[in-house]
Amino acid sequence: MSDITLISGSTLGSAEYVAEHVAEKLEEAGFSTQLFHGPELYEVPQEGIWLVVCSTHGAGELPDNLQPFMEQLEEQQPDLSKVRFGALGLGSSEYDTFCGAINSLDNKLTSLGAKRIGDRLEIDVTQYEIPEDPAEVWVINWINLIK
């Protein structure tokens, strides 16, 4: 079992790149990681530490590859009280639904008993040409919270 399970949802690939970059930083810090791009609920452990990295699509929606995961959370209502998680979102502040997808996921995980570690990071892609940069700064601080 990995120390940290990364779950990414992406439409155009940016959130996947961020998740992969963050996984590298976690591994450099001594953690083992397992990365899922758009997993089914049964694929991820129902305990331990998750790091959810998700872009916002359309009017605040989850990317297509993460829709089934959210639907399974809503239908199955699993007990996630043994999950601690970090939340990292990408979006454009040009929309009033800025980072709506990570907000939805954060709220859903919390409602199922998961406990968020630290603050949620919301990366405005209009401000950062390379979203991996603010994600790297955030994950270094986040690592200190999970040690």
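Residues numbered from 1 in each chain as written. Predicted model: local features only at pLDDT ≥ 70, side-chain atom pairs only at ≥ 80, totals over all residues. Heavy atoms only, no water.

A. Representation of the packing of aromatic side chains within the structure. Enumeration over the complete set of coordinates arrives at two aromatic pairs. Note on Trp138 and Trp142: the rings are 5.6 Å apart at their centroids and 15° apart in plane angle, and the pair reads as stacked. You can see Trp138 and its partner Trp142 sitting in helix α4 (residues 132–146), four residues apart, about one turn around the helix. (Phe/Tyr/Trp six-rings, centres within 6.5 Å; stacked < 30°, edge-to-face > 60°. Helix = DSSP H or I, 4+ residues; strand = E, 2+ residues; numbered from the N terminus.)

B. Focus on unusual backbone geometry. Of note, the phi angle at Gln77 is positive, near 45°, even though the residue is not glycine. Structurally, the position occupied by Gln77 is in the loop between α2 (67–76) and β4 (83–91). Look at Gln77 and you get partly exposed, because its relative accessible area is 44%. For Cys99, which is not glycine, the phi dihedral falls at a positive 55°. For Cys99, the location among the structural elements is in the loop between β4 and α3 (100–111). By relative accessible area, which is 0% here, Cys99 ends up buried. (Buried < 20%, exposed > 50% of the residue type's maximum accessible area, 1.4 Å probe, protein only.)

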